[in-house]
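# Structural overview
In case you want the letters, here they are:
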Amino acid sequence: MTLVKTTYNRRSFLKSSALAGGGMVLGFSWLASCKPTPEQVRNMPKEWFDINGFLKIGDNGLVTIMSPNPEIGQNVKTAMPMIIAEELDVDWNDVLVEQAPLNTDIFTRQLAGGSQSIRQGWQSLRMAGATAKNMLIAAAAEVWQVPADEITTSEGVLTHKGSDRSAGYGEMASAAASVKIPEEVALKDPKDFKIIGTDRKNVDGKDIVTGKPLFGLDLQEENMLTAMIVLPPSFGMKYESIENAEAVKAMSGIKDVFPIDVYPEGVQRQWSDGGGIPQLVAVVGESTWQCMQAKKELKVKWQADSKLESSAYHEEALNSLLNSPPAAPARKDGDVKRAFKNAAKEIERTYSAPFLAHNTMEPMNFFADITAEKAELKGPIQTPEFLEKTLASVLNMPVEKIDIMMTRMGGGFGRRLYGHFGVEAAVISQKMQAPIKLVYNREDDMTQGTYRPAYKVRYKAGLDENNKLIAWHVTGVGTNDDLVFENRFPAGAVDNYLAEKQRLESNVTTGAWRAPRSNFIAGAEQAFMDEVAELAGKDPIDFRLELFDRAIKDPVGDPEKNDYDPKRYAGVLKLVREKADFNAESNKSVARGVAAYYCHNSYVAQVLDLEMEDDMPRVKKVWCAVDCGIVVNPLSARNQIEGGIVDGIGHAMYSQMTFKDGKPEQQNFNRYQLIRHAQAPQEIETFFVDNGIDPTGLGEPSLPPISGALANAMYRATGQRNYHQPFATEKRILG
Amino acid sequence: MAKFDLKINGKTQSLDVDPTTPLLWVLRDHLNLVGTKYGCGIAQCGACTVHHGDTAVRSCQLTIAAVEKDITTIEGLSENGDHPVQKAWLDEDVYQCGYCQAGQIMNASAFLKSNPNPSDAEIETAMNGNICRCGTYTRIKKAIKNAAAAENA
Ligand code: FES
Ligand code: FES
């Protein structure tokens, strides 16, 4: 029996099947809010603990697959179940997908970050599907009294040819439930994949276009109050006192106003608490609008407790750090100093980029209901496991009593790795002794901090009389962050190579922002590479390929140390050259830029064409070649690539966060510019390398190089190079 | 507090709220119609777009006291989620996180009503007030063109 998932009532299905006791449960309880008993966990063989996957088969053949990782728009909620379904060998139309809650007993790495969900989940998800299939086969073998290896499966049906018998998975599910979990399972040969590698629509698509409550901000629970916070107006300031608490409490719908200690003395902060501010003010009321009004009326006194940093200060301090060499280099091959002395030509350029906010469309929020007995939390979080640890410390409660459910997220980009807002929600709920939903308004969201750091990098290159690259010196600085990846390209391709990095301590808090560090240095490096190729009088792609050739044939230094595979790198460049017809005569007059980069275990090369319209670039087309191994769902993979390109162009062109005496000068989208429809590329075409390698990162790798391709194309259009992001406000562009 | 009768998605709703409350928060907090999203509160992002009569408006800027016409939200755009624009969105698999898309769809559907056969440039201008942080702009444009073509076929 085939049931289409979108017309099925999930809740009643779950209930009735739980009552009937049918179906096979792989090591967990089906009610999403429950954790499996130790008994259930023990039933899993020890060596399988790391490769758990969740699925349930109904007696009607319907399969529910749990998606373990948080969904931030990277579409793992479709892709991860696809991998399980593939090995289970079911019809994708018979699959229902549910978001799994945090469950560290069963799942490993329930985290959205570093483009690693698919890469790190690949084996365990396949095992989960294959294990279940195996158990169904064993059950059928037992019932039919035939050898298991004579039974075949296809799209949810078990068949024994010899005795002409067949049965749907549903019919065998109950018997399969008592089959011993196999010690070993065979995985499919990738060439037999029927689901992996095919376009599958987003499982939440219908809910998204009909406005169903999917997001944390949409949660409405019984007796729930709304809470908002008041943040210090500037970095470097801390809470002193509330001046008009009584007046604000008297406002319509307002329940309470009070300071909160988010991280009291002695609490163990996790890395994921990031720039969470220890002391804030909370406003609690009946509705969001009432809280917003109260927030406006509230007068809070803050006092400076460290330097109130302005953008001019960051600029100066980063510059002076850039000019003072660090004690030790990050990597050194050959003798750069001597090589520059002997060089026939040399070139030096400095690039910079501002702080950026993540600006997820859905602002930070979290639901918490904390009682003496237990803590129940729901909301958008990329790192639920770490949030649980902090909560255990803050609430002084064992993790067993803390339940966290992840909602679909209105964007992540790294921002929701830092779950301080979940802690804030818990502390407010505990104080109110009531369920609350904490809501950040856009201004809170944009000014809280946790920004992409501000960066500067200086490159210097030397060519010999044959225009061969003989020396490369990169030195980078960032606020609270290293910038330079010393073992990435062109390390290993240049005889004399020096990489240096230093960080500037700043009280403006920073965190991972989509493709950390790569998001800036890739574009800078690729723009510089373009100038070096020009100085050498060489075609920009040929120039890069020569370097990869060197790294393939005769790598400099220990090749194991080089953090890239020059063959795959060269592969994407050649692919994009061919697809964009890079050297065609007809394309010679086009303002065209190229860039390539490696990060998150994947390789990306891009060609970008643009025209200048009213002194601003309009991107006509981007060709993007990607080597990320096996592509699980090409439809959404292309979407990710397109999104990364738009994101990268947008931030390099328009966005920045600046500060005056510690105060963020952009607080909402009126002053913080994000790329919009009319600025987006008119066309993006993506090409995946088909190499059968296990999948690698996809959510981030298309972003980093695109700012380089953009800068290089802008140079072809205007004759001027851009060095300082955002390009739209760099003087030479605006004229 | 004041009493209001609003017609939302074909149903009359009686409410007793502060007259300065923006329609956005009436929908979300009082009527549990949370498909309409909050993104900025200052008319910059379009996440809160609904139809006021046939016009796309930003519900974060329209106070409940200023509502004069019937309101349609994403929940009421079609009975079964099969409005041509919704169908086009499903066909193109437009969304990433999905958060901005209700606003995009409401703006696009009102726009196509007034301009059933738009050029690319007209689409860009009409949609420029709707931010998509995930960068699904090329898909949105394609979906709007497909929806227009399907209607004109
Ligand atoms: S929330 Fe209304 S335009 Fe952004
Ligand atoms: S799909 Fe995420 S903001 Fe548009």
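Given the structure is predicted, the values throughout are model-derived calculations rather than measurements. (Residues numbered from 1 in each chain as written. Chains lettered and ligands numbered in written order. Predicted model: local features only at pLDDT ≥ 70, side-chain atom pairs only at ≥ 80, totals over all residues. Heavy atoms only, no water.)

Let's shift gears to the domain arrangement of chain A. All names here are of chain A. Looking at chain A, the domain boundaries give domain 1 (2-203), domain 2 (216-305 + 364-439) and domain 3 (325-356 + 451-729). At the junction of the two partners, domain 1 supplies 23 residues and domain 3 supplies 19 residues. Here domain 1 packs against domain 3, burying approximately 1,400 Å² in sum over the two surfaces, 55% of which is carbon and sulfur. Viewed at the interface, domain 3 and domain 1 are joined by one salt bridge. In this structure, Arg638 and Asp199 form a salt bridge, with 3.2 Å as the shortest nitrogen-oxygen distance. In this structure, the connection of domain 1 to domain 3 is made through eight residue pairs in polar contact (both at pLDDT 80 or more). Contributing elements (two or more residues each) for the side of domain 1 that touches domain 3: α3 (76-88) and α4 (117-144). (Domains from an automatic or database assignment. Contact = heavy atoms within 4.5 Å. Buried area = accessible area lost by both parts, 1.4 Å probe. Salt bridge = Lys/Arg side-chain N within 4 Å of Asp/Glu carboxyl O. Polar contact = N/O pair within 3.5 Å; in protein donor to acceptor, adjacent residues only side chain to side chain. Helix = DSSP H or I, 4+ residues; strand = E, 2+ residues; numbered from the N terminus.)

Residues and elements named next belong to chain A. Taking 1.5 Å as the rise per residue, helix α11 (residues 384-395) with 12 residues should run 16 Å; its terminal C-alpha atoms sit 16 Å apart, in good agreement. Burial runs high along α11: nine of the 12 residues are buried. Listed in full, the buried residues belonging to α11 are Pro384, Phe386, Leu387, Glu388, Thr390, Leu391, Ala392, Val394 and Leu395. Against the buried residues of α11 lie β15 (365-370), β16 (375-379), β17 (402-406) and α12 (420-432). Once α11 finishes, Asn396 follows within two positions and takes phi at roughly 55 degrees, a positive value. (Expected span 1.5 Å × (residues − 1). Buried < 20%, exposed > 50% of the residue type's maximum accessible area, 1.4 Å probe, protein only.)

Residues and elements named next belong to chain A. Strand order across the open sheet formed by seven strands is β10-β11-β8-β18-β15-β16-β17, with mixed pairing between neighbours. For this open sheet the edge positions go to β10 (254-261) and β17, each flanked by a neighbour on one side alone. The mean angle between the axes of side-by-side strands here comes to 20 degrees, regardless of whether they run parallel or antiparallel. Pairing of β16 with β17, which is carried by five bridges, proceeds in the parallel orientation. Its bridge partner being in β17, Lys378 is matched across the sheet by Met405. Running over the sheet, helix α8 (residues 288-297) touches β8 (225-230), β10, β11 (279-285) and β18 (436-439) and is turned about 25 degrees from β8. (Pairing = 2+ DSSP bridges. Axes fitted to C-alpha atoms, helices over the stretch in contact; angles between N-to-C directions.)

Turning our eyes to something else, we now look at the pattern of salt bridges. Under the counting rule described, the total for this entry stands at 55 salt bridges over all chains. As a salt-bridge pair, Lys188 of chain A and Asp89 of chain A come within 3.4 Å of each other at their nearest N and O atoms. With Lys188 of chain A in the loop between α5 (169-177) and α6 (205-209) and Asp89 of chain A in the loop between α3 and β4 (95-99), this residue pair connects regions lying 99 residues apart in the sequence. Taken individually, Lys188 of chain A and Asp89 of chain A each receive the classification buried, so the pair is uniform in this respect. Between Arg28 of chain B and Asp218 of chain A there is a salt bridge; the shortest N-O distance is 3.1 Å. Taken as a pair, Arg28 of chain B in helix α1 (residues 23-30) and Asp218 of chain A in the loop between α6 and β8 lie in two separate chains rather than in one. Across the pair, exposure class does not vary: Arg28 of chain B and Asp218 of chain A are buried alike. Overlapping salt bridges bring together Glu221, Lys374, Glu376 and Lys378 of chain A as one network.

This part is about the packing of helix α15 (residues 540-553) of chain A against helix α16 (residues 566-579) of chain A. Each pair of packed helices gets described by two things: the angle between the helix axes and the distance between those axes. Residue and element names in this part refer to chain A. Following both chains from N to C, one finds α15 and α16 inclined at 160 degrees, their axes separated by 9 Å at the closest point. Between α15 and α16, the interaxial angle falls into the category roughly antiparallel. For α15 against α16, the interelement crossing comes out left-handed. The residues of α16 that touch α15, namely those facing Ile541, Asp542, Arg544, Leu545, Phe548, Ala551 and Ile552, are Pro566, Lys567, Tyr569, Ala570, Leu573, Lys574 and Arg577. Classifying every residue of the contact of α15 with α16 gives nine nonpolar, no polar and five charged. (Parallel < 35°, antiparallel > 145°, perpendicular 65-115°, else oblique. Left-handed = near helix turned anticlockwise from the far one by under 90°. Nonpolar A, V, L, I, M, F, W, Y, C, P; charged D, E, K, R; others polar.)

Attention now moves to the interface of chain B and chain A. Contacts between the two partners involve 54 residues from chain B, matched on the other side by 60 residues from chain A. Approximately 4,700 Å² of surface area, both sides summed, lies buried where chain B meets chain A, with 56% of it carried by carbon and sulfur atoms. Contact with chain A buries area across many residues of chain B, yet Gln96, Arg133 and Tyr137 of chain B alone supply 17% of it, more than any other trio. Glu124 of chain B is the partner of Arg618 of chain A in a salt bridge, and the nearest nitrogen-oxygen pair spans 3.0 Å. At the junction of chain B and chain A, the tally comes to 28 residue pairs in polar contact (both at pLDDT 80 or more). Of all elements in the fold, only α1, α2 (84-92), α3 (101-114), α4 (120-127) and α5 (137-152) of chain B reach the threshold of two or more residues within the side of chain B that touches chain A. Here the side of chain B that touches chain A gets five residues from one element, more than from any other, and that element is α5 of chain B.

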